[in-house]
Amino acid sequence: MNQADLLRDVGCVAALELPWDRLRNKRIFLTGATGFIGGYLAKALCWLDCGLSLGLEVYLLHRTHTAPAFSASCVHWISGNITGDFIPGELRPDIIIHAASPANWRSVCADPVGVVDCNILATRYLLERARRDGSTLVFFSSGEVYQREPGRIAEKAAPDLVQNGALSLYGNCKLAGELLCEEYRGKYGVDSRILRPFSVFGPGEPLASGRCFTDFIRQAMETRRIQVNGPGTQLRSFCYLSDFVSGLFHVLLDGESGAYNIGNEDNTCSILELAGQIAEIAGNADVIGPLFTNSQVDSFVPDTSKLRQLGWRPQVNLQECIRRCMNSYR
């Protein structure tokens, strides 16, 4: 993602009427800062620190034997292993944001053990640190903790989701992380806030992530032919990255312990409709398929009423999300 696009996005976030002073002089520890969403969030924190004169100290974890991704005056990179004791003992973060995890289909299949390590082992470790240091913990869970169901999916407590049937490894590990947050909140009073993202997209995600949004853009740019392999009737809601980040800040600055869906139900469409919109915006691209029909309901759309009660409103519609992503890849 280029600097101009980042400044545009974060400038819109900074303009929101949020109590930014609650971040003043805070020490923030972030995992996942070399990933798609975590990396964007890390740079957004740096921009907010500079633009709003917040006096932040931002501590970012990177794997041992890898180089830090970028530098900034407020940033301190810490080398460590996600399964180890990676926060220095003398550091007492005010806020811990746990965003590290393989997330897209290809990365989950390539590293299933990493999904367990990030979402269960590291979450337990970070909750212990939050308990010791009195930190607020923000845990990146996923909408994948829910079963697919018609209509919009409202928040349910993690214990109520356990009996909902078989989930994927990824969904199960996210749910296990949530249950740990619930346990530490109930037993030790840890302020743990759970984010459940739904279909977040934006500049910076690898085109080879294996998700339909990036796959369709890649096909439109490379071959001018978008292949819809499934029935195309699956309903998804597509949330632009800066809208997700603004939701995070609403939860962090105005929210409370508990779970929050973050997605953009205003951008709901079928997979086939998404392919058509990407083809139209790309120009001179054809949509091939769907390959078969399926009457089974496959809907993955959040109810974000709880987040909207905090004043959050998404700002980027689906067409603009497609344009911004396509321009960044070009």
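All residue numbers refer to position in the chain's written sequence, counted from 1. Since the coordinates come from a predicted model, pLDDT governs what is reported: local features require at least 70, and pairs of side-chain atoms require 80 or more to be given and counted, while whole-chain, interface and lining totals use all residues. Heavy atoms throughout the structure, all of them, feed into the side-chain values; hydrogens and water do not.

Let us now look at the packing of helix α4 (residues 112-133) against helix α6 (residues 169-188). Running from N to C, α4 and α6 cross one another at 10°; their axes reach a closest spacing of 9 Å. Classified by the interaxial angle, the pair formed by α4 and α6 is roughly parallel. For the pair α4 and α6, contact is made by Pro112, Val115, Val116, Asn119, Ile120, Thr123, Arg124, Leu127, Glu128 and Arg131 and by Leu169, Tyr170, Cys173, Lys174, Ala176, Gly177, Leu180, Cys181, Tyr184 and Tyr188, respectively. Any residue that is not Ala, Val, Leu, Ile, Met, Phe, Trp, Tyr, Cys, Pro, Asp, Glu, Lys or Arg is counted as polar, Gly included; the first ten are nonpolar and the last four charged. A class-by-class count of the residues in the contact of α4 with α6 yields 13 nonpolar, three polar and four charged. Throughout, an axis means a line fitted to C-alpha atoms (over the contacting stretch in the case of helices), and angles, computed between N-to-C directions, take values from 0 to 180 degrees. Strands are runs of DSSP state E lasting at least two residues, helices are runs of H or I lasting at least four, and both sets are numbered from the N terminus onward. Angles are sorted into four bins: roughly parallel if under 35 degrees, roughly antiparallel if over 145, roughly perpendicular if 65 to 115, and oblique for all others. Residue contacts are counted whenever heavy atoms from the two residues lie within 4.5 Å of one another.

This next bit is on the packing of aromatic side chains. Stacked, tilted and edge-to-face are the three classes applied to pairs of Phe, Tyr and Trp rings, where Trp contributes its six-membered ring and a pair requires centres within 6.5 Å; stacked means planes under 30 degrees apart, edge-to-face means over 60, and tilted covers the rest. Under the definition given, this model contains eleven aromatic pairs. Between Phe201 and Phe238, the aromatic rings sit 5.6 Å apart at their centres with planes inclined by 45°, giving tilted as the arrangement. Linking Phe201 in strand β8 (residues 200-201) with Phe238 in the loop between β10 (235-237) and β11 (239-240), this pair joins segments that are 37 residues apart in sequence. Residues Phe213 and Phe238 carry aromatic rings whose centres are separated by 5.8 Å and whose planes lie at 40° to one another, so their mutual orientation is tilted. Of this pair, Phe213 sits in helix α7 (residues 212-222) while Phe238 sits in the loop between β10 and β11, placing them 25 residues apart in sequence. Overall, the relative accessible area of 1% leaves Phe238 in the buried class. An aromatic cluster of three or more residues is present, and its members are Phe29, Phe86 and Tyr125. Whether a charge sits over a ring depends on NZ of Lys or CZ of Arg being within 6 Å of the ring centre and within 35 degrees of the ring normal. Here the guanidinium or amino end of Arg131 rests over the ring plane of Tyr188, the centre of that ring lying 3.7 Å away. Over the face of the ring belonging to Phe201 we find Arg211, whose NZ or CZ atom lies 3.9 Å from the ring centre. Type-normalised accessible area, obtained with a 1.4 Å probe on protein chains alone, sets the label of each residue: buried when under 20%, exposed when over 50%, and partly exposed for intermediate values.

Side chains that differ in sign of charge can pair as their charged atoms come close. The term salt bridge refers to a side-chain nitrogen of Lys or Arg lying within 4 Å of a carboxyl oxygen of Asp or Glu. Taken as a whole, this structure holds 26 salt bridges when the rule is applied. A salt bridge links Asp254 to Arg22, with the nearest nitrogen and oxygen atoms 3.2 Å apart. One end of the pair, Asp254, is in helix α8 (residues 241-254); the other, Arg22, is in the loop between α1 (3-14) and β1 (27-31), and 232 residues separate them in sequence. Here Arg129 and Asp133 are joined by a salt bridge, their closest N and O atoms 3.3 Å apart. Linking Arg129 with Asp133, this pair stays in helix α4, spanning four residues, or about one helical turn. Assessed through its relative accessible area of 15%, Asp133 is described here as buried. Shared partners join several salt bridges into a network, and the residues in it are Asp5, Arg8, Asp9, Glu320, Arg323 and Arg324.

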